[in-house]
Amino acid sequence: MPISISSAARGRVAVAAVLVLGWLAGVLWRLWLGQPLTHPIAHTDEDSYLNVARALAGGPGGFSSETPLFRRAGYPLLIAPAYLLGSDFAATYKIIQIVNAAVSALSLPLAYLLARRMFGLGRWAGLAAAFAAATVPAGVFWSLVGMTDAIMAPLLLGWFLAMHWWLRDAGRKRAAVTVGLLTGILYAVHIRGTILLAVYLGFLALALWRRRVPVRLAGLSLVPVALSAALNQAIILWLGDKVHLRGDIVGAGTLEVFTDADRLRVFAGSFGTNVWYMCVVTAGLAGLAWTVSAVEMLRPARDAAFRWTAGLALAGTFAVTAGAALILAGLPGDGDALYSRYVQAFVPFWLLFGVAALINEAALLRKPVLRYTVVPVLLLVAGGLFVAYRLRYAAEHGQRLGYGTFGGPDLITVTAGWARLRPYAGTVIALAGLAVLVLLTRLRALVIPALALIVAANAVTMSVMRDRLVEPLGERFSTPIDLAALGVGPGDRVALGGGMTREGYFVMYHEVYWQDLAHVPAGEPPADVDVVIGRYAPGVTWDGAAYGFVLLQASPKKGQIAVWRRQ
């Protein structure tokens, strides 16, 4: 007797197949984007995570740019097995990229579940919206490097999904534990997780006061958080001084932010720039989603699960934005023209939310969508003017604002701001993108093409970024000399000569994976040093021959280094 399969079942199977294949394609795409990279490029934060992972795997320790307050072991714990599996650093780094890609690509199924459950999108519209969110450059770029940011976007998507799951039925024990587990993981991977934990505790207090969740389950959700915090501290204590910190706890500079006019200006500049950034890279959709969330909290029209999850996401986003601005304002100097790293993980969620508001207007909005778009338009225009004024003010007062690839590679690429931040270009591009999306989504037949346009824009942006930013950095920080070909490897005691270039130092630091590479003191190297990697450039060459070393190979241009072995 033939088995009859309903159309609904066939649809579920088709969606599952698309999600699996989409996840696999996302992994392969990320690996292709990161293929030019063989060594860390995001110094010194990336080096710090890798050094901790190496130590956790039983290898030598190293330096860390973390501070006692900011130390988190979650991400190094995830990638530590790569040091057990890799035959050398290049192999280890490739395994780390595979782990990053596999986790980062989970943004697709998580975004799909959010689109369906929280935002009520149809099966195929939900799939298209999920692809748009999962390919957004803000969530993809960091998966190319060994940074905790590689896993932040899917963690946040999962956190919001679990929160909505719990609030739909507050008596679900598994949902409460899942929320607590993800909160604990967020705490263990970055200081942003500490801010989100504070937001979550405030959320729990309010939910208990409003009788939205049972006291017993609220307490149960905190058990995984406590265990995660304890595990993080236990790992730090176990590492001891194997990993030595180069930073110190945030102190006087941070405390002066609200009492010093210059520090307060840096805080306001960082906060305002990041709010504008999130609106620009989502073509205004983040601003639209914020508006919907705020209106829903003030004048409820949807179910409580939607309202409380949106409120948690809104509070978490702006708490992290303010916290990041506070930290950056406490550092010496005039601040950065753009440093969006701390808020980029929220971009996929808000883009998904904004897309849902456009294509499910009847269910999510109280008034026509054009009424809501006034806010993102104002944020984009006012934000662009604010950033332009900030840049002009800095120039007129002789201030130097930091600006570089890792401040916002997606915005740099979209606006072609390779040498300087271009606020007017960003605002105009975002306004045009918002107008196109609003117009296209007015017709149901054009909803999927509109979302496909976002996916295509994301893919083009990442391809250009690979060409203009990733490949040059990969070439700059790649191995100028193959140590293994020279017979240098485990068993050799290696040291660095003085005056190393940035490129030479960081590349060779990781190439010597069997020890914590340190500088030799002035004069003759210690007797236990077998090999010295020194500067090799006119006027600054480390002369190993004077100390009984023989030159094995030199690279006078790339890295400006030479390898010497004791005779």
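Scoring rules and cut-offs
- Residues numbered from 1 in each chain as written.
- Predicted model: local features only at pLDDT ≥ 70, side-chain atom pairs only at ≥ 80, totals over all residues.
- Heavy atoms only, no water.
- Helix = DSSP H or I, 4+ residues; strand = E, 2+ residues; numbered from the N terminus.
- Rg over C-alpha atoms; globule rule 2.2 N^0.38 Å.
- Buried < 20%, exposed > 50% of the residue type's maximum accessible area, 1.4 Å probe, protein only.
- Contact = heavy atoms within 4.5 Å.
- Areas by Shrake-Rupley, 256 points an atom, 1.4 Å probe, with all protein chains shown as cover.
- Pairing = 2+ DSSP bridges.
- Axes fitted to C-alpha atoms, helices over the stretch in contact; angles between N-to-C directions.
- Right-handed = clockwise from strand over helix to strand, strands pointing away.
- Expected span 1.5 Å × (residues − 1).
- Phe/Tyr/Trp six-rings, centres within 6.5 Å; stacked < 30°, edge-to-face > 60°.
- Lys NZ or Arg CZ within 6 Å of the ring centre and 35° of its normal.

Draft legend 1. Focus on the overall build of the protein. Per the secondary structure count, the protein includes 24 helices and six strands. A compact globule built from 567 residues should have a C-alpha radius of gyration of about 24 Å, and the protein, at 25 Å, falls within 12% of that. Across its three principal directions, the C-alpha atoms of the protein cover 80 × 70 × 45 Å. The burial tally for the protein puts 55% of its 567 residues in the buried class. Within the protein, contacts between residues separated by at least 24 positions form 77% of all contacts whose residues are at least 6 apart in sequence. Here the protein has roughly 23,100 Å² of accessible surface; of this, 64% comes from carbon and sulfur atoms.

Draft legend 2. Quick peek at the sheet that holds strand 6 (residues 561–566). Within the open sheet, the four strands sit side by side as 3-4-6-5. Their pairing is mixed. A strand with exactly one partner marks an edge of an open sheet, and here the two such strands are strand 3 (494–496) and strand 5 (549–555). Within the sheet, the average angular offset between the axes of one strand and its neighbour, ignoring direction, is 20°. Relative to strand 4 (residues 531–535), strand 3 is paired through three bridges, and the arrangement is parallel.

Draft legend 3. Seen up close, the pairing of strand 4. Judged by how many residues are buried, strand 4 sits mostly within the fold: five of five residues are covered. Handedness of the β-α-β unit built from strand 3, helix 24 (residues 502–511) and strand 4 comes out left-handed. Looking at chain direction, strand 4 and strand 6 are connected through five bridges and run antiparallel. The residue bridging Gly-534 from the neighbouring strand is Ala-562, located in strand 6.

Draft legend 4. Just helix 15 (residues 285–298), in detail. Given a rise of 1.5 Å per residue, 14 residues ought to cover 20 Å, and the 20 Å separating the end C-alpha atoms of helix 15 matches this to within 8%. Counted residue by residue, helix 15 has ten buried out of 14 residues, so it is predominantly covered. All buried positions along helix 15 are accounted for by Leu-285, Ala-286, Gly-287, Leu-288, Ala-289, Trp-290, Thr-291, Val-292, Ser-293 and Glu-296.

Draft legend 5. Representation of the packing of aromatic side chains within the structure. For the structure on display, the rule yields 30 aromatic pairs. Judged by centre distance (5.7 Å) and plane angle (65°), the ring pair of Phe-306 and Phe-353 falls under edge-to-face. Of this pair, Phe-306 sits in helix 16 (residues 304–329) while Phe-353 sits in helix 17 (residues 347–359), and the two are 47 residues apart along the sequence. Like Phe-306, the residue Phe-353 is buried in the burial classification. Considering the side-chain rings of Tyr-513 and Trp-514, the 5.2 Å spacing of their centres and the 85° angle between planes classify their relative orientation as edge-to-face. Here the aromatic residues Phe-119, Trp-159, Phe-160, Phe-258, Phe-267, Phe-271, Trp-290, Phe-306, Phe-318, Phe-349, Trp-350 and Phe-353 are joined through ring pairs into a cluster of three or more. Here the guanidinium or amino end of Arg-466 rests over the ring plane of Trp-32, the centre of that ring lying 4.1 Å away.

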